Amino acid sequence: MTNSTTVAADGATRLEIRPRYEGSNICTWIGFKHVNYMVEEAVYDHLRKHGHPAGGLYERYGLTTDITDLDTKILTAFHIDDVAEAVVRPAPGKEKGDGKRLTVEFTVERGGETVKAVVSKVAVQFRLDPHGHPADEPPAALTPYVTERLGTDARPEPVPVPEGTDPLELLTQGRNAFGWAWRMPYFYCHFTERVQMSGYLRQMEEVVDLFLADRGVSIKTLLDEQDWIPVVPHSKITILDEAKMEETLYTVYTVENVFKRFTYTSRQDTYVLRDGVLVPTSTGRITHGWAVIENRRDWSLVDFDDRLLNALNGKAGAVTGRGTA
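Per chain, residue numbering runs from 1 following the sequence as it is written. Owing to the predicted nature of the model, reporting of local features is limited to residues with pLDDT of at least 70; listing and counting of side-chain atom pairs is limited to 80 or more, with chain, interface and lining totals taken over all residues. To obtain the side-chain values, all non-hydrogen atoms of the structure were included, while hydrogens and water were left out.

*Asks:* Describe the overall build of the protein, naming the residues involved and giving the relevant values.
*Replies:* Helix and strand definitions follow DSSP, with helices as H or I runs of at least four residues and strands as E runs of at least two, each counted in order from the N terminus. Secondary structure assignment for the protein yields six helices and 19 strands. Radius of gyration: over C-alpha atoms. The globule rule applied is 2.2 Å multiplied by the number of residues raised to the 0.38 power. Against the 2.2 N^0.38 benchmark of 20 Å for 325 residues, the protein shows a C-alpha radius of gyration of 20 Å, consistent with a compact globule. Considering only C-alpha atoms, the protein reaches an extent of 60 × 60 × 35 Å along its principal axes. In this scheme, a residue with accessible area under 20% of its type's maximum is buried, one over 50% is exposed, and one in between is partly exposed, where area comes from a 1.4 Å probe on protein chains only. Of all 325 residues assigned to the protein, the portion counted as buried reaches 50%. Here a residue-residue contact requires only that any non-hydrogen atoms of the pair lie within 4.5 Å. If you take every contact in the protein between residues at least 6 apart in sequence, the share linking residues at least 24 apart comes to 71%. Here the protein has roughly 15,200 Å² of accessible surface; of this, 49% comes from carbon and sulfur atoms. For the area figures, the Shrake-Rupley method with a 1.4 Å probe applies, and any residue is considered shielded solely by the protein chains shown.

*Asks:* Before we move on, can you summarise a nonpolar patch on the surface with the specific residues and values?
*Replies:* Any residue with relative accessible area above 30% and no salt bridge may belong to a patch, with like charges joined within 9 Å and the nonpolar Val, Leu, Ile, Met, Phe, Trp and Tyr side chains within 5 Å. Salt bridges are defined by distance alone: a side-chain nitrogen of Lys or Arg within 4 Å of a carboxyl oxygen of Asp or Glu. Residues Phe259, Phe262 and Leu301 make up a contiguous nonpolar surface patch of about 280 Å² in total accessible area. Residue position: phenylalanine 259 is located in strand E15 (residues 248-259).

*Asks:* Outline the environment of leucine 171, supporting the account with residue identities and numerical values.
*Replies:* Among the structural elements, leucine 171 can be located in helix H3 (residues 167-172). The class for leucine 171 is buried, based on a relative accessible area of 7%. In this structure, the C-alpha to C-alpha distance between leucine 171 and glycine 111, residues 60 residues apart in sequence, is 48 Å. Look past the residues within four positions of leucine 171 in its chain and what remains in contact with it is Tyr250, Val252, Tyr271 and Leu278.

*Asks:* An account of the side chain of threonine 65 is requested, with residue identities and associated values reported.
*Replies:* Structurally, the position occupied by threonine 65 is in strand E5 (residues 63-74). Assessed through its relative accessible area of 1%, threonine 65 is described here as buried. In contact with threonine 65, other than residues within four places in its own chain, are Tyr44, Leu47, Ala54, Leu57, Val124, Gln125, Phe126, His190 and Phe191.

*Asks:* Could you give an account of the side chain of threonine 238, naming the residues involved and the relevant values?
*Replies:* Relative to the helices and strands, threonine 238 resides in strand E14 (residues 228-239). Apart from residues lying up to four places away in sequence, threonine 238 is in contact with Thr68, Asp69, Thr152, Thr281, Ser282 and Thr283.

*Asks:* Mind laying out the environment of glutamine 203, listing which residues take part and the relevant values?
*Replies:* Along the chain, glutamine 203 falls in helix H4 (residues 197-214). Judged by relative accessible area, glutamine 203 falls into the buried class, the value being 0%. Expressed as a C-alpha distance, the spacing of glutamine 203 and aspartate 224, which sit 21 residues apart in the sequence, is 25 Å.

*Asks:* Account for the packing of aromatic side chains, with residues named and values stated.
*Replies:* Each aromatic pair joins two rings of Phe, Tyr and Trp (for Trp, the six-membered one) with centres within 6.5 Å, and gets the label stacked for planes under 30 degrees apart, edge-to-face for over 60, and tilted for any other angle. Tallying each qualifying case throughout the model produces ten aromatic pairs. Consider the rings of tryptophan 180 and tryptophan 182, whose centres lie 5.8 Å apart with planes at 15 degrees: the pair is stacked. Exposure class is identical for tryptophan 180 and tryptophan 182. Each is buried. Here the aromatic cluster, defined as three or more aromatic residues joined through ring pairs, consists of Trp180, Trp182, Tyr186, Phe187 and Tyr188.

*Asks:* I'd love a proper account of the pairing of strand E11 (residues 177-183), names of residues and values included.
*Replies:* Along E11, six of the seven residues are buried, which leaves the element largely enclosed by surrounding structure. Whether two strands pair depends on DSSP finding at least two bridges between them. Pairing between E11 and E15: seven bridges, direction antiparallel. Counterpart to phenylalanine 178 in the pairing with E15 is tyrosine 253.

*Asks:* Which residues make up the pattern of salt bridges, and what values do they have?
*Replies:* The tally for this structure, following the rule as stated, stands at 23 salt bridges. Between glutamate 205 and lysine 33 there is a salt bridge, and its shortest N-O distance comes to 2.8 Å. With a gap of 172 residues between them, glutamate 205 in helix H4 and lysine 33 in helix H1 (residues 32-49) connect regions that are remote in the sequence. Exposure remark for glutamate 205: the relative accessible area of 29% places this residue in the partly exposed category. Members of the salt-bridge network, linked through shared partners, are Asp45, Arg48 and Lys49.

Rendered as structure tokens:
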């Protein structure tokens, strides 16, 4: 369900929205990926209300609308039946060269009061991609954000892969990391060719699941034995370059910091192999804590036990792992 209003005098837009049912995986709580889906929908609604609908931009101007930077903090968990209100505003200060900047804030009702639930910073680029067909000149308001190649102004250098070397072994060697290689399907892409932000969100969700299973602390294991679930207060993904449909994406998940026994932060880096070098296509970070299920609606945060702490630090198995799909 969505209910959108008109543009305010300061350029802000408002949107009422419910989480999608697919994101209610454990009890009635909504996972971080689907919270970010709500952010995406609010951004696309904002652009539509400003006269820049994604479909119209592509069909008339050959411009694809791409979220290329997404930094989201979850302050209050959403439940499946919540009605949230999103306010989207142009970001204050000078616009950066790597996209149009917006802020998104969600509020939700809790106990008769309105509380802030999510704060997100977003960048949007408009990728020129007419696919050989005639296209009008882009709208003047979007010209500063039009690009012929998605990514940041300062792209990281590619990583050479010596002949006969496994890319995942190269990327994870000597690190507290897990590597995963998977061919990008069409349903992770949009506008015919490129992996979109929601595809990278799916990668981040799945590589965490694979990593925890590889370390012997799978999500189901801790659910069955301790009623524990992972919770995500913060996630961030930045698209650095383009990954294309049916390319193999090499995803590396590296544990960077375990804060006492309370949270841990990991980095996700993705690459595609082209002409003997690994081209970085995205980077991101995700912060996890663990919570115990108290009843079908409530949970509370818990300290990591030794088994979980050792697994995160690479002491309960191989420091480097790999997976393929």
